[in-house]
Amino acid sequence: MPLPLPHPHGMSASEPPFSLSARARPAAGPRADDGTTSDESAHADPGGDDAWMFNATPILGVPVISQSGFEPKRARAPQLTPDDLRALALTATDLGVWEWNLSTASVRYSSLAADILALPAGAETLEAWIERVHPFDAARLSSLLAGAPSAQRGFQVEHRVRGRIGDYRWVKMTARLVRDGGGVPVRVVGTIEDIHERKSAEVKVRELETRDPSSGLANRAAFLSRLDTSRMESGTAGFDAVLYISIDDVARISAGLGQAGVESIVRGVAERLSRWLDRPDILGGRVTSASLGRVETTDFAVHLTAVRDGDELQAVAADALRVLREPLYFGPDEVFVHVHVGIATSLDAHEAIELLDNARSAVARARADARSRIGFFSLSAKSDALDSVRL
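As the structure is a computational prediction, the values presented were derived from the model and not from experiment.

> How would you explain the sheet that holds strand β6 (residues 107–109) if you had to name every residue and give the values?
The strand order across the open sheet formed by 5 strands is β6-β5-β9-β8-β7, and the pairing between neighbours is antiparallel. Every interior strand has two partners, whereas the edge strands, β6 and β7 (155–162), have only one. Geometrically, the sheet is characterised by an average inter-axis angle of 25° between neighbouring strands, direction not taken into account. Alignment of strand β5 (residues 96–101) against strand β9 (residues 185–194), held across 6 bridges, turns out to be antiparallel. Paired with Asn-101 across the strands is Arg-187, a residue of β9.

Here you go:
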């Protein structure tokens, strides 16, 4: 009696794809030298026991047995060794492998590791790797690798390497020490992973968190963070300074053009200051670098590094005023923007926020002096600014 099988999805229940019927086992033919009959040679289970197999193909997880009859069971796949399994796992996770032989000082890189690190063909040293590392990351990586033979636990580090077309890409390195039976370090093994896409996405997220959406400049928090980092990393050559640029007559601009007009003027000032700082000759060798941020609704700050004296700051501030002297346009309207500039240096501040506040108080001093639009920080100016806030 036929035994119906389950119907795969999409097939009519009234039309069974096939049925299974009992069949007599064929008679044994002449016995061969290996002890099997001619029929058994063709149909016996390679695993033994003269078991018979149906030709089955899974459809949607259901074994489907063909009507073409019986076929021998396929030979079992060879067992994978632990090394094979590890290799398959690494391939599935896009991890390159490297191995440092401590006795010979040679390094073996898998083809994927060599490709991720953009190593030259035949590279077998740590130096070939470190030579391609970004200058800012090379010292740290070299230090970690130098300490690897005595490391008590595994470690990892993210760093940048120079690609084959000269661009830098982020990679993640892991490493662990391997000892022999006597506890002697014999090699360091690890992996290399390309994490450039993830790091790029993280940078974009950080930019969204640290950028002023209207002007595209660093917001107050980001500006202060950069200022604080720069102060910690600065050497003995010169000092840091902040120019605080504040737009005047904001109420007048708002009354005439509305809040949309104010934002338009702010964007215009931001673009003009950005172009000014991007010019290679703008600083004239007076300072090493400059960065710009929007720190209040209508206020900007410029961070200058490696300043040598106050005269240089005076010249840079005067140049900023000159750049902003030209009119901005809001639709058909021509708008002249007036600003005051406050200057403060790291010589009078211990913290980034203090430096920024000092520059802001210097603006109040400049506004109090009808003869100049530039003011330098002083303790009296800061006191006056605090009194005005209290009032």
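> How would you summarise the pattern of salt bridges if you had to cite specific residues and measurements?
Note that side chains of opposite charge can pair when their charged atoms are close. Inspection of every chain in the model, using the stated rule, returns 18 salt bridges. The partner of Glu-158 in a salt bridge is Arg-198, with the nearest N and O atoms 2.9 Å apart. Here Arg-198 lies in helix α6 (residues 196–210) and Glu-158 lies in strand β7, a separation of 40 residues in the sequence. A cluster of three or more residues bridged by salt bridges with shared partners is formed by Glu-158, Arg-198, Lys-199 and Glu-202.

> Outline the pairing of β9, listing residues and values.
Within a regular beta strand, the side chains point alternately toward one face of the sheet and then the other, so they alternate between its two faces. Pairing geometry for strand β8 (residues 168–179) and β9, over 9 bridges, is antiparallel. Paired with Arg-179 across the bridge in β9 is Pro-185. Two successive antiparallel strands, β8 and β9, enclose a turn made up of 5 residues, where Gly-183 displays a positive phi of approximately 85°.

> Outline the nonpolar core, supporting the account with residue identities and numerical values.
Ile-245, Val-269 and Phe-300 are the most contacted members of the largest nonpolar core, which has 34 residues in total. Of all elements in the fold, only β10 (239–247), α8 (250–278), β12 (299–307), α9 (310–323) and β15 (339–345) reach the threshold of two or more residues within this core. Here this core takes 9 residues from α8, the largest share from any one element. Grouped together as the second largest cluster of nonpolar side chains are 27 residues, Leu-145, Ala-148, Val-157 and Val-171 included.

> How would you sum up the sheet that holds β15? Please name residues and give values.
Taken together, 5 strands build an open sheet; the order of strands is β11-β12-β10-β15-β16 and the sheet is mixed. Every other strand in the sheet has two partners, leaving β11 (290–296) and β16 (374–376) as the edge strands with one partner each. Across the sheet, the mean angle separating the axes of adjacent strands is 25° when strand polarity is ignored. Together, β10, β12, β15 and β16 form the strand contacts of α9, whose direction differs from that of β16 by roughly 150°.

> Can you lay out the packing of aromatic side chains for me, pointing to particular residues and giving the numbers?
Throughout the structure, instances matching the rule amount to 2 aromatic pairs. Where Trp-98 meets Trp-129, the ring centres are 5.2 Å apart and the plane angle is 75°; that geometry is what we call edge-to-face. You can see Trp-98 sitting in strand β5 and its partner Trp-129 sitting in helix α4 (residues 126–130), a full 31 residues away along the chain. Classification of Trp-98 as buried rests on a relative accessible area of 0%. Taking the centre distance of 6.4 Å and the plane angle of 80° together, the rings of Tyr-109 and Trp-129 count as edge-to-face.

> An account of unusual backbone geometry is requested, with residue identities and associated values reported.
The general pattern is negative phi for most residues beyond glycine and trans for most peptide bonds. For Ala-118, which is not glycine, the phi dihedral falls at a positive 55°. On the secondary structure map, Ala-118 appears in the loop between α3 (111–116) and α4. One non-glycine residue with positive phi stands out, namely Asp-249, at about 55°. Of note, Asp-249 is situated in the loop between β10 and α8.

> I'd like a rundown of the environment of Arg-272, residues and numbers included.
By the secondary structure assignment, Arg-272 is in helix α8. Distance in space between the C-alpha atoms of Arg-272 and Ala-320 is 9.5 Å, their sequence separation being 48 residues. Setting aside its immediate chain neighbours within four residues, Arg-272 contacts Val-323, Leu-324, Glu-326, Pro-327 and Leu-328. A distance of 3.2 Å separates the side chain of Arg-272 from the backbone oxygen of Pro-327, its partner in a polar contact.

What counts as what
- Residues numbered from 1 in each chain as written.
- Predicted model: local features only at pLDDT ≥ 70, side-chain atom pairs only at ≥ 80, totals over all residues.
- Heavy atoms only, no water.
- Pairing = 2+ DSSP bridges.
- Helix = DSSP H or I, 4+ residues; strand = E, 2+ residues; numbered from the N terminus.
- Axes fitted to C-alpha atoms, helices over the stretch in contact; angles between N-to-C directions.
- Salt bridge = Lys/Arg side-chain N within 4 Å of Asp/Glu carboxyl O.
- Core = buried A, V, L, I, M, F, W, Y, C linked by side-chain atoms within 4.5 Å.
- Buried < 20%, exposed > 50% of the residue type's maximum accessible area, 1.4 Å probe, protein only.
- Contact = heavy atoms within 4.5 Å.
- Phe/Tyr/Trp six-rings, centres within 6.5 Å; stacked < 30°, edge-to-face > 60°.
- Polar contact = N/O pair within 3.5 Å; in protein donor to acceptor, adjacent residues only side chain to side chain.

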